[in-house]
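Summary of structural features
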Amino acid sequence: MKRKLFILLGGGSGLGKKLVDNLCKNNTVYALINKSRIKERKHLFTFKLDLSNKKSIDTFFLKNSKKIKKFDKIMFLSIATAKEDRLLINMSYKMIERVFKINVISNYYFCSKLMALATNKKVKIIFFSSSRALYGDAGISLYSGSKHALVGLMQSLICENRNINFTCNIVSLGFFDTDLWKSLPKKIKDKLLSLTAYKKIGKFKEIFNSVKYIDNNDYLNGCILKLDGGYGIVPHR
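Cut-off values and rules
Residues numbered from 1 in each chain as written. Predicted model: local features only at pLDDT ≥ 70, side-chain atom pairs only at ≥ 80, totals over all residues. Heavy atoms only, no water. Helix = DSSP H or I, 4+ residues; strand = E, 2+ residues; numbered from the N terminus. Rg over C-alpha atoms; globule rule 2.2 N^0.38 Å. Buried < 20%, exposed > 50% of the residue type's maximum accessible area, 1.4 Å probe, protein only. Contact = heavy atoms within 4.5 Å. Areas by Shrake-Rupley, 256 points an atom, 1.4 Å probe, with all protein chains shown as cover. Lys, Arg positive; Asp, Glu negative; His and termini not counted. Charge placed at Lys NZ, Arg CZ, Asp CG, Glu CD. Polar contact = N/O pair within 3.5 Å; in protein donor to acceptor, adjacent residues only side chain to side chain. Salt bridge = Lys/Arg side-chain N within 4 Å of Asp/Glu carboxyl O. Phe/Tyr/Trp six-rings, centres within 6.5 Å; stacked < 30°, edge-to-face > 60°. Patch = residues over 30% accessible without salt bridge, like charges linked within 9 Å, V, L, I, M, F, W, Y side chains within 5 Å.

This part is about the overall build of the chain. A count of helical and extended segments in the chain gives eight helices and seven strands. The C-alpha atoms of the chain give a radius of gyration of 18 Å, which matches the 18 Å a tight globule of 237 residues would have. In terms of overall dimensions, the chain has a C-alpha envelope of 50 × 40 × 35 Å along the principal axes. Buried positions account for 49% of the 237 residues belonging to the chain. Counting only contacts in the chain whose residues sit at least 6 apart along the sequence, the fraction spanning at least 24 positions is 68%. Approximately 12700 Å² of the chain is accessible, and the part contributed by carbon and sulfur atoms is 55%. Positive and negative side-chain charges of the chain, numbering 44 and 17 respectively, have mean locations separated by a distance of 4 Å.

Here we take up the side chain of Lys124. Mapped onto the fold, Lys124 is located in strand S5 (residues 122-130). Of the polar contacts made by the side chain of Lys124, one reaches the backbone oxygen of Ile214; its length is 2.8 Å. For Lys124, the side chain forms a polar contact with the main-chain oxygen of Asn217, separated by 3.3 Å. Apart from the residues within four sequence positions on either side, Lys124 is in contact with Lys73, Ile74, Met75, Phe76, Thr167, Ile214, Asp215, Asn216, Asn217 and Asp218.

Applying the stated rule across the entire model yields 13 salt bridges. Asp215 is the partner of Lys4 in a salt bridge, and the nearest nitrogen-oxygen pair spans 2.7 Å. Of this pair, Lys4 sits in strand S1 (residues 2-9) while Asp215 sits in helix H8 (residues 204-215), placing them 211 residues apart in sequence. In this pair, the class of Lys4 matches that of Asp215, namely buried.

Next up on the list: the packing of aromatic side chains. In the structure shown here, the tally under the stated rule is ten aromatic pairs. Between Phe60 and Phe61 the ring centres are 5.2 Å apart and the planes differ by 80 degrees, which places this aromatic pair in the edge-to-face class. With respect to class, Phe60 is no different from Phe61; both count as buried. With a centroid separation of 4.8 Å and an interplanar angle of 20 degrees, the aromatic rings of Phe76 and Phe110 are classed as stacked. Here Phe76 is found in strand S4 (residues 71-78), whereas its partner Phe110 is found in helix H3 (residues 93-115), with 34 residues between them in sequence. Relative accessible area serves as the criterion here: at 0%, Phe76 is assigned to the buried category. The exposure class assigned to Phe110 is buried, which follows from its relative accessible area of 0%.

On to a positive patch on the surface, then. Taken together, the side chains of Lys18, Lys182, Lys203 and Lys205 define a basic patch exposed on the protein surface. The exposure class of Lys18 is partly exposed, given its relative accessible area of 36%.

Time to look at the environment of Lys189. With respect to the helices and strands, Lys189 occurs in helix H7 (residues 186-193). Along the chain, Lys189 and Leu117 lie 72 residues apart, while their C-alpha atoms are 43 Å from each other. Not counting the four nearest positions on each side in its chain, Lys189 is found in contact with Trp181, Lys182 and Leu184.

For the rest of this paragraph, the subject is unusual backbone geometry. Residues other than glycine seldom take positive phi values, yet Asn120 does so here, at roughly 60 degrees. As for its placement among the helices and strands, Asn120 is situated in the loop between H3 and S5. On the accessibility criterion, Asn120 (74% relative accessible area) is exposed. Here the phi dihedral of Lys199 falls at roughly 65 degrees; this positive angle occurs in a residue that is not glycine. Relative accessible area serves as the criterion here: at 44%, Lys199 is assigned to the partly exposed category.

These figures capture arrangement, not role.
Encoded structure:
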């Protein structure tokens, strides 16, 4: 049996791509991407996947289930996220449907297919979330609601799989040095950083270290690991 497989949902751009680049140095990685392009390497395999399409997920598992079963440890990282930043009264049904399909329904369905392959394996799941989303804020009710749904999914998955070698955790991110962050006006950056106790943006190495920490700790289960510099501790209401 091969030792370990990392499956990254949303590994084609931003933080997901950086995680893929670092994890594939010493591990087999399946990067599930939509429109982005990643060059395959010795331990890196890419797959086109439309998260809003059930058939696309079914096809991935139909083609790769036998390969996945060859690994004795599977670590699934869900990074893909859709957002619609606007007040609830300005949202259309189509917007709501799109965000929940990508952020919620795809995770529920993907995990249902993955757990069917979990017999006699160690399985770890990490959902990536946002501390701002978990606290809630004006204009992000849709994004916030979709991220809260993952908390319920995490807790229920743990209950349903307590008799096997399984853990599930959430990494709740603050503000990090990404292309999106760099594109924000300085005024917005300063306002967001004022909501954190740390008053600085996070670095990618801290996200990578959190993944390694969860990977190396079998007793960590059902945790929302807040990697956010103390967001929400400083009063801002």
